[in-house]
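# Reading the structure
Residue-level listing of the chains:
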Amino acid sequence: MLQHCRLLQEETVKMVEKTEMKFNPEEVIEEFEALTKEAGKVQEETLKKILKENGGTVYLQQWGLNGRTDAESFTACVPLVTHKDLEPYIQRIADGDPSPVLTGKPITTISLSSGTTQGRPKFVPFNDELMESTLQIYKTSFAFRNREFPIGNGKALQFIYSSKQFKTKGGLAAGTATTNVYRNAQFKKTMKAMQTPCCSPDEVIFGPDFHQSLYCHLLCGLIFRDEVQVISSTFAHSIVQAFRTFEQVWEELVADIREGVLSSRITVPSTRSAMSKLLKPDPEQADIIFRKCSGLSNWYGLIPVLFPNAKYIYGIMTGSMEPYLKKLRHYAGELPLQSADYGSSEGWIGANVNPKLPPEQVTYTVLPNIGYFEFIPLRGDLDGLEPTPVSLAEVKLGEEYEIVVTNFAGLYRYRLGDVVKIKGFHNATPELQFICRRNLLLSINIDKNTEKDLQLAVEAAAKLLVDEKSEVVDFTSHVNVAADPGHYVVFWELCGEASDETLQECCNCLDKSFVDAGYLGSRKANAIGALELRVVKRGTFHKILDHFVGLGGAVSQFKTPRCVGPNNSTLLQILCNDVVKSYFSTAFC
């Protein structure tokens, strides 16, 4: 009888697992269509649910809502905030305050933002509801993507890396948002159900040394090269970085496959053990890879050559990732680039349901049930006051807005700082195009230059390097206000050599490419000094990445900061110490 019960239990577990593993893309699309047709109503219901669950919290109690859950009362009573306003409350949770500070249910996990903008990571609450939102976003975009680029039962070569988790003073698990997702059992089940399990074992993903993990990711990709259907990472930067590394180590990887013996560079015992189980001598495959790589011209089309059954490359490719698209397309050849969904450490906003659009034109459709969204119009009122936020149902085509988020993880009317443009509507929900971060990157006087302005200036100047077979590997900027007058400093790391004459032209081009009226006027009046171009040693931006990882960040979450502010003194020191050449613009002389 006991044995019969045990067998019955085992069968039940198997049935439950089988049910969980089912993934029906058309069902997901059907549900998405229903939600987006009633977007306004769904938003009202979502806000009501959030406020019912969390109305008794320390934070919301102070604003006098008194149990009201309608949008009008909510926006009238609860103020707009930034992370700085919520920091004391989040710190209380991290320190172990048992009272319902921001959410009705206890927060058990803290996410760390990337920290690449401000120089230090922010603490953000993470809970089961955010995990559910993550999976809903992944499933939705995959369902639409799979319609256009169907994949069979294969594997994904995912350049994903976990950071170390630690315990806060109050005993909460803390790690990057990506780490919290990758460590979640439901995430793995979902990836398997979508037929894209990672080809690398956990010991590689969660390995303590990302250089060793990257090498092993590449090796796993080659071992399973005929099964790989998707190449992905959180950010485009990580994919480019991976294949730049491949250029350096490919012969060593081929030798590993030929001999079936792992390189001595892998010293982490758990990683080495897991990889040794996968690696078997395969001289035939080694010969094929060697011939294919040897036959490439400047590594063009490397990815489809290595992975003949790959359908697309997937990752976040907008905003600060756009500068890497040129190199990524070089490696990708004709393989489509798919820009991943729109979110942040604080939570998700929308899914990419138009997979045919190139990354530069990609839009994100807001999922109306994962949070309550407001939009601050960027056109100022005549009296100089900031415009009143509008609801999701009130946004207008072609207008630009800053996003405000209220979610299930304790953020209420939280200013995300992102500027988006309404490019269209999917049923009744808006399709957003990411424009830039609202906070200005470069400003000394009355000049106002954003990340996008810097990117366009770098792109224009970098064209002058083509004839010398050189290219910009990465870049950042700094406002030097210690000088009189203050001036912009742009740091470049180059691949290949360029003459002083060409680099001086690049410097002048950078200066002239900032077309903001405030900048042009200030430069002509010498209220802003000549732009300075500083060329740094090869590997400098890798040092920045190492510094970021040393602070507990995950490589998957790394974004090169496009402007190094005064709070980021260590990073500025790394850059300044590695300068090999410096040029001042003569464009306005």
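An account of the accompanying structure is given in this report. (Residues numbered from 1 in each chain as written. Predicted model: local features only at pLDDT ≥ 70, side-chain atom pairs only at ≥ 80, totals over all residues. Heavy atoms only, no water.)

### Some words on the side chain of N407
Defined as follows: Under the DSSP-based scheme used, a helix requires at least four consecutive residues in state H or I and a strand at least two consecutive residues in state E, with every element numbered from the N terminus. Whenever two N or O atoms come within 3.5 Å, that pair is a polar contact, provided that in protein one can donate a hydrogen and the other can accept it, and provided that, for residues adjacent in sequence, both atoms are side-chain atoms. We call two residues in contact when some of their heavy atoms are within 4.5 Å.
Tracing the sequence through the fold places N407 in the loop between β14 (400–406) and β15 (414–426). For N407, the side chain forms a polar contact with the main-chain oxygen of E346, separated by 3.0 Å. Polar contacts involving the side chain of N407 include one to the main-chain amide nitrogen of G410, which spans 3.4 Å. The residues contacting N407, other than those within four sequence positions of it, are I50, L130, E346, I370, G371 and Y412.

### Here's the deal with helix α20 (residues 540–550)
For clarity, the threshold we go by: Residue exposure (1.4 Å probe, protein chains only): buried if accessible area is under 20% of the type maximum, exposed if over 50%, otherwise partly exposed. Each C-beta atom gives one direction from the helix axis, and the arc is the one those directions make.
Among the residues making up α20, those that are buried are T540, F541, I544, L545 and F548. Relative to the axis of α20, the buried residues are bounded by an arc of 155 degrees and lie together on one face. Buried residues along α20 sit in contact with α11 (210–223), α12 (236–259), β17 (471–480), β18 (487–495), β19 (532–536) and α21 (569–577).

### A look at unusual backbone geometry
The phi torsion of most residues other than glycine is negative, and most of the peptide bonds are trans. For N66, which is not glycine, the phi torsion reads 50 degrees and is therefore positive. Position of N66 among the secondary structure elements: in the loop between α4 (58–61) and α5 (71–77). In the Ramachandran plot, W299 falls in the positive-phi region, its phi being about 70 degrees despite a non-glycine side chain. Relative to the helices and strands, W299 is located in the loop between α14 (283–294) and α15 (302–306).

### Regarding the packing of aromatic side chains
Let me state the cut-off plainly: Working definition: a ring pair exists when centres of Phe, Tyr or Trp rings (six-membered ring for Trp) sit within 6.5 Å. Plane angles under 30 degrees give stacked, over 60 give edge-to-face, the rest tilted. Note on criteria: charge over ring means Lys NZ or Arg CZ within 6 Å of the ring centre, with the direction from the centre no more than 35 degrees off the ring normal.
Under the defined criterion, the tally for this structure stands at 18 aromatic pairs. Ring centres of F32 and F144 lie 5.4 Å apart, and the angle between their planes is 80 degrees; on these two criteria the pair is classed as edge-to-face. One end of the pair, F32, is in helix α2 (residues 25–37); the other, F144, is in helix α7 (residues 128–148), with 112 residues separating them in the sequence. Of the two residues, F32 and F144, neither departs from the other in class, the shared state being buried. Ring centres of Y138 and W348 lie 6.0 Å apart, and the angle between their planes is 75 degrees; this geometry places the pair in the edge-to-face category. Note that Y138 is positioned in helix α7 and W348 in strand β10 (residues 347–351), a separation of 210 residues in sequence. Exposure class is identical for Y138 and W348. Each is buried. The aromatic ring of Y314 is capped on one face by R145, whose charged end is 4.0 Å from the ring centroid. Across the ring face of F224, the terminal group of K155 is positioned such that the distance to the ring centre comes to 5.0 Å.

### Digging into the pairing of strand β16 (residues 429–437)
Convention followed: At least two bridges found by DSSP between two strands are what make those strands a pair.
With seven of its nine residues buried, β16 lies for the most part within the structure. As defined by bridge partners, β15 adjoins β16 across eight bridges and the pair is classed as antiparallel. Residue D418 lies in a different strand from β16, and its bridge partner there is R437. Taking the residues between adjacent antiparallel strands as the criterion, β15 and β16 are bridged by two residues, where N427 takes a positive phi near 55 degrees.

### Observations regarding the sheet that holds β18
What counts here: Each axis is a line fitted through C-alpha atoms, and for a helix only the stretch in contact is used; angles between axes span 0 to 180 degrees, taken between their N-to-C directions.
Taken in spatial order, the four strands of this open sheet run β17-β18-β19-β20, and their pairing is mixed. Since the sheet does not close on itself, it has two edges, and those belong to β17 and β20 (579–584), each with one partner. Direction aside, the axes of adjacent strands within the sheet are offset by 20 degrees on average. One ladder, built from nine bridges, connects β17 with β18; its direction is antiparallel. Residue pairing across strands places T476 opposite F491, the latter belonging to β18.

### As for the pairing of β19
For β19, the buried fraction is high: five of the five residues fall into the buried class. With burial as the criterion, each face of β19 is covered, one bearing E532, R534 and V536 and the other bearing L533 and V535. Both β18 and β19 contribute to a ladder of five bridges, which runs parallel. Within β19, the position partnered with F491 by the bridge is R534.

### A look at the pattern of salt bridges
Note the cut-off: Salt bridges are counted wherever a side-chain nitrogen of Lys or Arg sits within 4 Å of a carboxyl oxygen of Asp or Glu.
Under the definition given, this model contains 18 salt bridges. Between R562 and D474 there is a salt bridge, and its shortest N-O distance comes to 2.9 Å. Residue R562 is found in the loop between α20 and α21, and its partner D474 is found in strand β17; the two are separated by 88 residues along the sequence. The two residues R562 and D474 agree in class, both being buried. In this structure, a network of salt bridges that share partners links the residues K537, K543 and D578.

### Examining the nonpolar core
This is how the line gets drawn: Take the buried Ala, Val, Leu, Ile, Met, Phe, Trp, Tyr and Cys residues and link them wherever side-chain atoms come within 4.5 Å; each set so joined is a nonpolar core.
Ranked by size, the top nonpolar core spans 129 residues in total, and within it I231, F243, F246 and I313 carry the most contacts. Among the elements that make up this core, the one with the highest residue count is α12 (11 residues). Beyond its immediate sequence surroundings of up to four residues, F246 is in contact with L218, L222, L253, C293, W299, L302 and L306. Core analysis: the next-biggest nonpolar cluster, separate from the first, contains 28 residues, V472, V479, C506 and F514 among them.

### Considerations on helix α17 (residues 451–462)
Put simply, the rule reads: Here a helix's expected span is defined as the number of its residues, less one, multiplied by 1.5 Å.
In this model α17 runs 16 Å from its N-terminal to its C-terminal C-alpha over 12 residues, within 8% of the 16 Å that 1.5 Å per residue would give. For α17, the secondary structure elements touched by its buried residues are β16, β17, β18 and α18 (500–513).

### Considerations on the packing of α17 against α18
Defined as follows: Each helix crossing is assigned a hand: it is left-handed if the near helix lies turned anticlockwise from the far helix by less than a right angle, otherwise right-handed if that turn is clockwise.
Between α17 and α18, whose axes approach to 8 Å, the crossing angle comes to 145 degrees. In this structure, the crossing between α17 and α18 has a hand that is right-handed. Where α17 approaches α18, its residues A457, V458, A460 and A461 are matched on the opposing element by C506, C509, L510 and S513.

### Some thoughts on the sheet that holds strand β12 (residues 372–377)
On the basis of which strands lie adjacent, the open sheet formed by eight strands has the order β9-β10-β11-β16-β15-β14-β12-β13 and antiparallel pairing. With partners counted over all chains shown, the strands left at the sheet margins are β9 (342–344) and β13 (390–391), one partner each. In the sheet, strand β11 (residues 364–366) pairs with β16 via two bridges, with the strands oriented antiparallel. By the bridge assignment, Y364 is partnered in β16 with L432.

### Focus: the state of the cysteines
We apply this condition: Whenever a pair of cysteine sulfur atoms sits within 2.5 Å, that pair is classed as a disulfide.
Within this structure, the stated rule accounts for zero disulfides. We note that C220 lacks a disulfide partner, and the nearest cysteine sulfur, in C199, lies 5.5 Å from it.

### Describing the packing of α12 against helix α16 (residues 325–332)
Describing two packed helices takes the angle between their axes plus the distance from one axis to the other. Here is the rule: Any angle that falls under 35 degrees is termed roughly parallel, while one over 145 is termed roughly antiparallel, one within 65 to 115 roughly perpendicular, and all others oblique.
Taken N-terminus to C-terminus, the directions of α12 and α16 make an angle of 55 degrees; their axes are 10 Å apart at the nearest point. Here α12 lies oblique to α16, going by the angle between them. The crossing of α12 and α16 is left-handed. In this structure, α12 uses A236, I239, V240, F243, R244 and E247 to contact α16, whose residues at the interface are K327, L328 and Y331.

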